[in-house]
Amino acid sequence: MKNNKLLAAGLMAGATLGASNSFALEQYFNTPGTRAMGMGGAFIATVGDSTAMWYNPAGLAKTSGMDITLEVGDVIERLSTPEVNATCTPTCGDIYDTDSNIKYLAFSSSGMGFAYFAPYKFYNTAVFNVSGGSSGQFVDIETEYTEFKWGMGGDFNENVRWGFTLDMLSRDADLSGGGADDNLSELEFGFSLGIQGDLPLEGILPKGHKLSYGAIYRSGTDSEVEDDVTFDAVKGVPGRPQALNYGLGYSAPLPTVGGVPMFLTANLEFDNLEYEDILNGVSGGGGNTNAESNLEEDRVAWGFEVQLFPSFLEDKKGSLFVRFGMSETEVDAVDNQAATFINDIESTTYGLGLKLGSWVFDYAREARDLQVNPFFVNLRDQEVDLDTFSISYAF
């Protein structure tokens, strides 16, 4: 790819849409961890397993022994530009689909852990300046984004925990269409810092009741990837957003019903995500131009889990789990509203789990409602269902 540069990122070719070609990013997020997914992705204050390396590494301080977890599930992806354009008559049909993949693989042991995550699979369309002139052609960009994390957590004191991760971030982008056929890849490094604690309210709350809190900062990356042929900085390839998240948790025993003891865990979480330098192609009467903006996304999530201890599982040291959660993400293109076609993302989740001795089996489903920015009159809202299954073994 000689002296070629991505100028902007967008949704689809303007010849069909006739307006602007832009995209959002959080609709491509795939919630790591089946247990957390079943609770709407709210887990920052009470996490105490290997998924702490994503939600809050301070939760690693609560792990004991060793465990290994594998999660396989649906990931959201976008249809190709020709497939989308074929549905526009003039209002376009669905633009998202799902595929199955390994989302999460982790090992943790007494305050430390290693993990592989696949939280994003970006797909966008870009204006590609093939000739070196002032306008270009639209090119599909599919970006596989994965993370390898090493984390550690410990205790400040009996009520406060700390944690951190060191992250190796991989972006692999395939460019196709519009005269481009190239692959861009880059390894980057990041980190996260977390704190988690329990409020000392023994004299206020009944025995066994606990109010917890948590917060995490996660470093982000920019939207540039260096071409290893031309050594140009290719813009428009999405990276990891900077994140500042915090939340509260509450856990307590519930009254016994039908002779079955139960335990409740509830979470409320607030996330702020910032993507840098998102460039989106705009097609109009004057040709292809650029819409450039940082994206800021504010997310509120809540969820709960009820653990049941029925007598028929007592001999097997087992229990059952029922989970439910909801979340809403508001997307703000800070500098240019044409930089996002998704205005709001609403999700409803539920999950089930079974513990049998050292084995834990979890299932979750997320119903995600993607609401289009009213600016784009020829796009429509879409609902997507995502299913996930995980298996864990403690030893």
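Residues numbered from 1 in each chain as written. Predicted model: local features only at pLDDT ≥ 70, side-chain atom pairs only at ≥ 80, totals over all residues. Heavy atoms only, no water.

1. A look at the nonpolar core
No. 1: Counting residues in hydrophobic clusters, the biggest one holds 40 residues, and the most contacted among them are Ile76, Tyr96, Phe341, Ile342 and Leu370.
No. 2: Mapped by element, the contributors of at least two residues to this core are α2 (34-38), α3 (52-55), β3 (96-109), β4 (112-129), β14 (318-333), β15 (342-356), β16 (359-372) and β17 (382-394). (Core = buried A, V, L, I, M, F, W, Y, C linked by side-chain atoms within 4.5 Å. Buried < 20%, exposed > 50% of the residue type's maximum accessible area, 1.4 Å probe, protein only. Helix = DSSP H or I, 4+ residues; strand = E, 2+ residues; numbered from the N terminus.)

2. Description of the packing of aromatic side chains
No. 1: Across all of its chains, the model carries 14 aromatic pairs by this definition.
No. 2: Aromatic side chains Phe191 and Tyr217 sit 5.8 Å apart centroid to centroid with 45 degrees between the ring planes, which places their arrangement in the tilted category. Taken together, the residues span a long stretch of sequence, with Phe191 in strand β7 (residues 180-198) and Tyr217 in strand β8 (residues 210-218) at a distance of 26 residues.
No. 3: Taking relative accessible area as the criterion, Tyr217 reaches 28% and is therefore assigned partly exposed.
No. 4: Centre to centre, the rings of Tyr393 and Phe395 are 5.8 Å apart; their planes meet at 20 degrees, and the pair counts as stacked.
No. 5: Taking the relative accessible area as the measure of exposure, Phe395 reaches 46% and is therefore partly exposed.
No. 6: Through a chain of ring-to-ring contacts, three or more aromatic side chains come together here, namely Phe107, Trp359, Phe361, Tyr393 and Phe395. (Phe/Tyr/Trp six-rings, centres within 6.5 Å; stacked < 30°, edge-to-face > 60°.)

3. A look at the side chain of Ser108
No. 1: Mapping Ser108 onto the fold places it in strand β3.
No. 2: A relative accessible area of 1% places Ser108 in the buried class.
No. 3: For Ser108, the residues in contact, after removing those within four places along its chain, are Ser50, Thr63, Gly65, Met66, Asp67 and Gly113. (Contact = heavy atoms within 4.5 Å.)

4. A short note on the pattern of salt bridges
No. 1: The full count for this structure, using the stated rule, is 15 salt bridges.
No. 2: One salt bridge connects Glu147 with Lys149, and the closest N-O pair in it is separated by 3.3 Å. The exposure classification of Glu147 matches that of Lys149, with both residues buried.
No. 3: Salt-bridge contacts for Arg161 lead to Asp198; the nearest nitrogen and oxygen are separated by 3.3 Å. Of this pair, Arg161 sits in strand β6 (residues 160-177) while Asp198 sits in strand β7; the two residues are 37 residues apart in sequence, bridging distant segments of the chain.
No. 4: The exposure class assigned to Arg161 is buried, which follows from its relative accessible area of 6%.
No. 5: In the salt-bridge network here, residues are joined through shared partners; they are Arg35, Glu305, Arg323 and Asp362. (Salt bridge = Lys/Arg side-chain N within 4 Å of Asp/Glu carboxyl O.)

5. Let's talk about a negative patch on the surface
No. 1: Together, Glu274, Glu276, Asp298, Glu328, Glu330, Asp332 and Glu346 line one region of the surface with negative charge.
No. 2: Residue contributions to the negative patch peak at three residues, all from β14.
No. 3: By the element assignment, Asp332 lies in strand β14.
No. 4: Overall, the relative accessible area of 36% leaves Asp332 in the partly exposed class. (Patch = residues over 30% accessible without salt bridge, like charges linked within 9 Å, V, L, I, M, F, W, Y side chains within 5 Å. Areas by Shrake-Rupley, 256 points an atom, 1.4 Å probe, with all protein chains shown as cover. Lys, Arg positive; Asp, Glu negative; His and termini not counted. Charge placed at Lys NZ, Arg CZ, Asp CG, Glu CD.)

6. Some remarks on a nonpolar patch on the surface
No. 1: Taken together, Met66, Ile68, Leu70, Val72, Ile102, Leu105, Leu356, Trp359, Tyr393 and Phe395 make up a surface patch of nonpolar side chains, about 810 Å² in accessible area.
No. 2: Breaking the nonpolar patch down by element, the ones donating at least two residues are β2 (66-78) and β3.
No. 3: Of the residues forming the nonpolar patch, the biggest block, four residues, is contributed by β2.
No. 4: Inspection of the secondary structure assignment puts Leu356 in strand β15.

7. Considering the confidence of the model for the chain
No. 1: Summarising the model, the chain shows a mean pLDDT of 82, and 78% of its residues fall at 70 or more.
No. 2: Of all secondary-structure elements in the chain, the lowest mean pLDDT belongs to strand β1 (residues 5-10), at 34, while β8 reaches the highest, 96.
No. 3: The model gives residues 1-22 a pLDDT under 50, and that stretch makes 113 contacts with residues more than four places away or in other chains.
No. 4: The low-confidence segment residues 130-134 (pLDDT under 50) makes four contacts with residues lying over four places distant or belonging to another chain. (pLDDT = per-residue confidence, 0-100.)

8. Some words on unusual backbone geometry
No. 1: Of note in the backbone geometry, Ser110 takes a positive phi value of approximately 45 degrees without being a glycine.
No. 2: Mapped onto the secondary structure, Ser110 falls in the loop between β3 and β4.
No. 3: With a phi close to 50 degrees, Lys317 is a non-glycine residue in the positive phi region.
No. 4: With respect to the helices, strands and loops of the structure, Lys317 is situated in the loop between β13 (287-308) and β14.

9. A look at the environment of Thr31
No. 1: Along the polypeptide, Thr31 turns up in the loop between α1 (14-17) and α2.
No. 2: In sequence terms Thr31 and Pro119 are 88 residues apart; their C-alpha atoms lie 6.5 Å from each other.
No. 3: Apart from residues no more than four positions distant in its own chain, Thr31 is found in contact with Met37, Gly41, Tyr55, Glu71, Lys103 and Glu366.

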